Amino acid sequence: MPAAIRNLRSNPHFLFVRLPKLLSLLCIVVGVAWLLLLPLNEYSRRTYISENALLPGQVHAYFTGSEQNIFRGYKKELEGILNDETKDRAEVTAGYVSRGGHAEQLLILDRVSDKVQSIFEEAGLKFARQKYEYNSAGITHQGENSYAIIHAPRGDATEAIVLVAPWLTADDKLNLNGVTLALTLARYFKRWSLWSKDIIFLITPDSKTGTQAWIDAYHDMHPASVQPLPLKSGALQGALVIEYPLEHRFQTLHIVYDGVNGQLPNLDLFNTAVSIAGGQMGIGANLQEMWNHDDSYENRLQTMVRGMTKQGLGYATGAHSSFMPYHIDAITLQTKGEGWEDEMALGRTIESLCRSLNNLLEHLHQSFFFYLLMQSNRFVSIGTYLPSAMLLAGNFTIMAIALWMRTGYYPETKSVQTKGEKAPAEEKAKTSNIAERKLALPLSLVVGLHLLGLVPLWVFNNVSHQYFTTITFVVLGVDIILPLSLAAILSNGLGLSKPLIPQQYHLIKSFSLLLLGLSLSTLATLNFSLSFMIGLLCTPLSFMTRLQGAAPARLATSGLGLALLNLLSPPTVLLGVCWYTGVSVETVLTEAAFGWDVWGMWTQVVVWCVWWPAWLIGGVLLGSSIF
Amino acid sequence: MALLSRFLQAFALLLLAIAVSAEHTSNWAVLVSTSRFWFNYRHLANVLSLYRTVKRLGIPDSQIILMLPDDMACNPRNAFPGTVYSNADRAVDLYGDNIEVDYRGYEVTVENFIRLLTDRLDEDVPRSKRLGSDSGSNVLVYMTGHGGDQFLKFQDAEEIGAWDLAHAFEQMWEKKRYHELLFMIDTCQANTMYTHFYSPNIIATGSSEIDQSSYSHHADNDVGVAVIDRWTYYVLEFLETQVTSVTSKLNLGDLFDSYDESKIHSQPGVRWDLFTGQEQEGRLRTVVDFFGNVQNVEVENANATEPGSLKEDLAEIARLVEKWQKRDEEYADVLARNDTDESHSSSLHLKPKSKVGPTKMTEDGSWGKRLVGLAVVGVCSAIWIAGSVLGRKSG
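Rules used in this analysis
Residues numbered from 1 in each chain as written. Chains lettered and ligands numbered in written order. Predicted model: local features only at pLDDT ≥ 70, side-chain atom pairs only at ≥ 80, totals over all residues. UniProt positions renumbered as here; feature names shortened; annotations may be inferred. Helix = DSSP H or I, 4+ residues; strand = E, 2+ residues; numbered from the N terminus. Buried ≥ 20, exposed ≤ 12 C-beta atoms within 10 Å, placed from the backbone. Contact = placed C-beta atoms within 7 Å. Nonpolar A, V, L, I, M, F, W, Y, C, P; charged D, E, K, R; others polar. Domains from an automatic or database assignment. Pairing = 2+ DSSP bridges. Axes fitted to C-alpha atoms, helices over the stretch in contact; angles between N-to-C directions.

Moving on, we get to the UniProt feature "transmembrane region" (unreviewed entry) in chain B. Feature annotation in UniProt assigns "transmembrane region" (unreviewed entry) to the following positions: residues 371–391 of chain B. For residues 371–391 of chain B, helix accounts for 100% and strand for 0%, while the C-alpha atoms at its two ends are 30 Å apart.

All right, on to the UniProt feature "active site" (unreviewed entry) in chain B then. All names here are of chain B. Residues given the UniProt feature "active site" (unreviewed entry) here are His146 and Cys188. Considering the C-alpha atoms alone, the annotated residues occupy 43 residues of sequence yet fold into one spot, their largest mutual distance being 6.5 Å. Mapping His146 onto the fold places it in the loop between β4 (137–144) and β5 (147–148). For His146, a count of 19 C-beta atoms within 10 Å corresponds to the partly exposed category. Residues within four places of His146 in sequence aside, it is in contact with Ser35, Lys153, Thr187 and Cys188. As for its position among the elements, Cys188 is in the loop between β8 (180–186) and β9 (202–206). The buried category is assigned to Cys188, around which 21 C-beta atoms lie within 10 Å. With sequence-adjacent residues up to four places away left out, Cys188 is seen in contact with His146, Gly147, Gly148, Ser208, Ser213 and Ser214.

Taken together, the contacts link 17 residues of chain A with 13 residues of chain B. Of the residues assigned to the side of chain A that touches chain B, the class counts are seven nonpolar, eight polar and two charged.

Residue and element names in this part refer to chain A. Domain annotation for chain A reports domain 1 (2–38 + 385–623) and domain 2 (52–283 + 314–363). Across the contact, 18 residues belong to domain 1 and 16 residues belong to domain 2. Elements with a contribution of two residues or more to the side of domain 1 that touches domain 2: α18 (528–538) and α21 (585–599). Counting residues per element, the side of domain 1 that touches domain 2 draws most heavily on α21, which supplies eight residues. Broken down by class, the residue content of the side of domain 1 that touches domain 2 amounts to seven nonpolar, nine polar and two charged.

So, on to the sheet that holds strand β4 (residues 159–166) of chain A. Residues and elements named next belong to chain A. Here we have eight strands laid out as an open sheet, ordered β2-β3-β5-β4-β6-β9-β7-β8, and mixed in their pairing. At either end of the open sheet lies a strand with only one pairing partner, and these are β2 (126–136) and β8 (284–286). For this sheet the average axis-to-axis angle between neighbouring strands, irrespective of direction, equals 25°. As paired elements, β4 and strand β5 (residues 198–204) share seven bridges and run parallel to each other.

Printed below as a string of structure tokens:
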């Protein structure tokens, strides 16, 4: 046995060519298997409330009875104005949803805002408004936030909780009940004297732009097109978004928690909401649109994968998402299904949640910020799931280091091709020679291609939305042509330079994979899901190499390889996913551009400056075997 | 004359009898909550409930040291401003209008607590912040908060250990600051806190064994927090329903027998072994011996011989005086002898001590030291030169 190991150690072909491949493959397999193990009971944990101060569900919620009459009154008033202004509500929402390329006319008209103001002011709250405008992908989004503040009667105005009711929900449905509930709660909360924090009621025109404009301005980070806030309170400790777009009683609460760039609110907030909804109020709580979760392995895995997809794409899933970058924990409560629960039950849930948040002595910090939920009461924390993405990222690094070491030996190709045929002593003498690495061209190629990624990044975030589909196909074309032409230039020189030697191909691959591994392992700590998704899509790149051998077989293999590789290119994946989900490419890219411009979403950067260059280099390496 | 002397003898006998029955002359209570923050409402309510009980049984505010680290009554989260209740029925406002908090907020620290017990306090500390107990005082120490194995947390910042507490009580004993002491503690793993006590005349009781939590009794759904702990709740229930007046004859045995583990949800503990007369004697102490106030007056008794009595003190002082006198005489003897033998042994006894003071570093032998230094440097450089020359040759 020791002899066998010694033989393997003195065999450079095994050490530098086969072992890294085996290790990389092992990393990938273990990384994926790791993720699949997480939903098991042995690897996931039950949720629990870490923060002692929260005391969820310990208070009696009194929001019932006569408050319901107030709710109905407010609702009738608002409904009247809405109907007057716009004979048909559907028309308005439809008008908002269709993006005609013009400035969007938001439904919130001045008269409605005036009504909201008069209701808030009658209840004794301070009221203010904020106009804003965003431009993205040739579309102008404009609107006006209205908000009101209850100053804590015995508090010190250094902290605040936010209740958000957007006029349009995340699914662009009219949230009349939600807004009315917020107004009723404002009147009701005003009469309590037990608030230790101010409570801010924020009515935004929609779920995408309103909260972003408001929260940016709250922290004085707003662009010029957004008005500053005339009225402020203390540091925000938490935010709840109310969505009740239904016209009937609801069955369960759907808790949405994903933030921009995969940031998550503190798990304690989610747990408190689940505990209050489920435990105190007897309303079921769902997550990730899993309506019939039977706690089976499949359902847990599905919930987790849905969560990872949202986290990986990094877009805002609701009005709460905009709070996350400012380290304000926020969730959206959506009413779903047809059942027995009415707006009063939702109101009591929010009352109880507010009382819990009111109990906080400091920012939510006890529980996890990095977690994957697989059921409303089961999760895995970062320590358990992180190795999965780290192993995927590690596979690239292992390969890169192996290639770097391999290029240091001389003469590299001979020792590979004639392994075992020569006497070991002779081979040893050869391998001990250190070859000079020709770094200039590989380095400039890798850096150049990574910089090239800035071009699509700029284009996709700056052109008007109607060109998105065309540009996607252009990039698709570039993906086919660019690797082949680069390969041709590099292999033949085309009179510009000497043809590349094998060492340089290895160096190109080494640098590319090194960067990929580095970026992905760093990203894994910030946005695990995105890192895992990109890592998984890039796994073939570890094994891309310049093929040797007889011409026909080589050409056939590399041609087929290139075709398969093109199936995994960023634009093809985008088109494939859009085709599969039935969403138009333009919508996705418009949303992405909006995310970049308004939410500060970084997904595109990872796609165009990490994934795309690495993919291109894989294509170049495979393509070079044709020439 | 003979009549008078006989009368005096009888009076002395009477006093002796009183002293032997070991009655105390005052009652003191130290009531400590060690946790702050709204969600620990119950700990302050525990202490305030006990405060109310000892006041009801007659201990005046001047003899109660109340330590409250937080102000629940004025917390903005309190739905009933200005009040603290220890029961969801909210029948009795514990904060009332007659309450004297002696240590509040960040004054409640381990240091202040130990200084209070051992009376290591500055002269300017007011009487309200002092434990003025003496060798005739029965002291009740009640503590509540968050604790663990042999520690009790103070305000999220520090903790008092079981040994700290044991040593503090020993110092109290040595400084004659108590006659008998009842220590009560309601916290998780409470019984570990009194395991290290070693001073006499202490009865200790706690709410839970090692590795056991102490639980809250119930929550008030309007206040929104738990309002009292289980063990304290049932102790209070006994005190409030059974010990209705200072004349109550119920004893500590009755109190400790009333513990019901099925209600308390943890195993309360009692420690008797430090008490004179162990359990039999300890059980007979009435509850009001510690929770009530006694008006007994002790006239100093010339014949008493127990520790702390005047007679013992005088005897001790006499012994010391005797010892010092003897020492002085011996010293005088030695001096006298020196005077006679001065001619040949003066140098031995009266030799002036060598002057101790700053001395110059380079006073003597400075040149010698310099030479040694130079030699060392020379040798080193010679080795270095030789080494480099040799190295070049072989290279």
